[in-house]
Amino acid sequence: IESACVEPGNTLCVVDTPFGRLGLAICYDMRFPELFRNFFRQGVEIIAIPSAFTVPTGEAHWETLLRARAIENFSYVISVGRGIFQYFPIKKYLL
């Protein structure tokens, strides 16, 4: 379903805000530490990562990967687990 309406990008999304440089990623991106290293190289201080992990994957990976990306890149990470039951009949992981 998701692959029918979402395409991969080829550039980093970085926004200057009053709070610092903000990098934008999605939950799948958390598996690729080099993406976040590139954010660090561009001076990103805060990374926003919305998530829609399923329960098994979320319990196994979500918080661990969020913490790892923050520690590795000396950054703050902001994330939210979306509850999207109305669109997908799969139980989602909410921390």
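Residues numbered from 1 in each chain as written. Predicted model: local features only at pLDDT ≥ 70, side-chain atom pairs only at ≥ 80, totals over all residues. Heavy atoms only, no water.

Participant: Is there a simple way to think about unusual backbone geometry in this case?
Facilitator: As a rule of thumb, non-glycine residues mostly have phi less than zero, and peptide bonds are mostly trans rather than cis. A positive phi angle, near 50°, is found at Phe74, a position not held by glycine. Position of Phe74 among the secondary structure elements: in the loop between helix H2 (55-72) and strand E4 (76-81). Classification of Phe74 as exposed rests on a relative accessible area of 68%. (Helix = DSSP H or I, 4+ residues; strand = E, 2+ residues; numbered from the N terminus. Buried < 20%, exposed > 50% of the residue type's maximum accessible area, 1.4 Å probe, protein only.)

Participant: Looking at this structure, how should I read the pattern of salt bridges?
Facilitator: Two side chains with opposite charge may pair up if their charged atoms get near one another. Applying the stated criterion to the full structure yields four salt bridges. When the shortest N-O distance is used, the salt bridge between Asp16 and Arg21 registers 3.3 Å. A relative accessible area of 59% places Asp16 in the exposed class. Taking the shortest distance from any N to any O, the salt bridge between Arg67 and Glu63 comes out at 2.8 Å. (Salt bridge = Lys/Arg side-chain N within 4 Å of Asp/Glu carboxyl O.)

Participant: Whenever I open this one, the sheet that holds strand E1 (residues 13-17) confuses me. Can you help?
Facilitator: Adjacent strands of a sheet pair through backbone hydrogen bonds, lying either parallel or antiparallel. Strands sit in the order E1-E2-E3-E4 across an open sheet of four strands; the sheet is mixed. Across the chains shown, the open sheet's two edge strands, defined by having one partner strand only, are E1 and E4. Recorded for the sheet is a direction-independent mean angle of 25° between the axes of neighbouring strands. Across five bridges, the pairing between E1 and strand E2 (residues 20-24) is antiparallel. Paired with Val14 across the bridge in E2 is Gly23. In the packing of helix H1 (residues 33-41) onto the sheet, the strands contacted are E1, E2 and strand E3 (46-51), and the crossing angle to E3 comes to about 150°. Along the sheet, H2 makes contact with E3 and E4, crossing E4 at roughly 160°. (Pairing = 2+ DSSP bridges. Axes fitted to C-alpha atoms, helices over the stretch in contact; angles between N-to-C directions. Contact = heavy atoms within 4.5 Å.)

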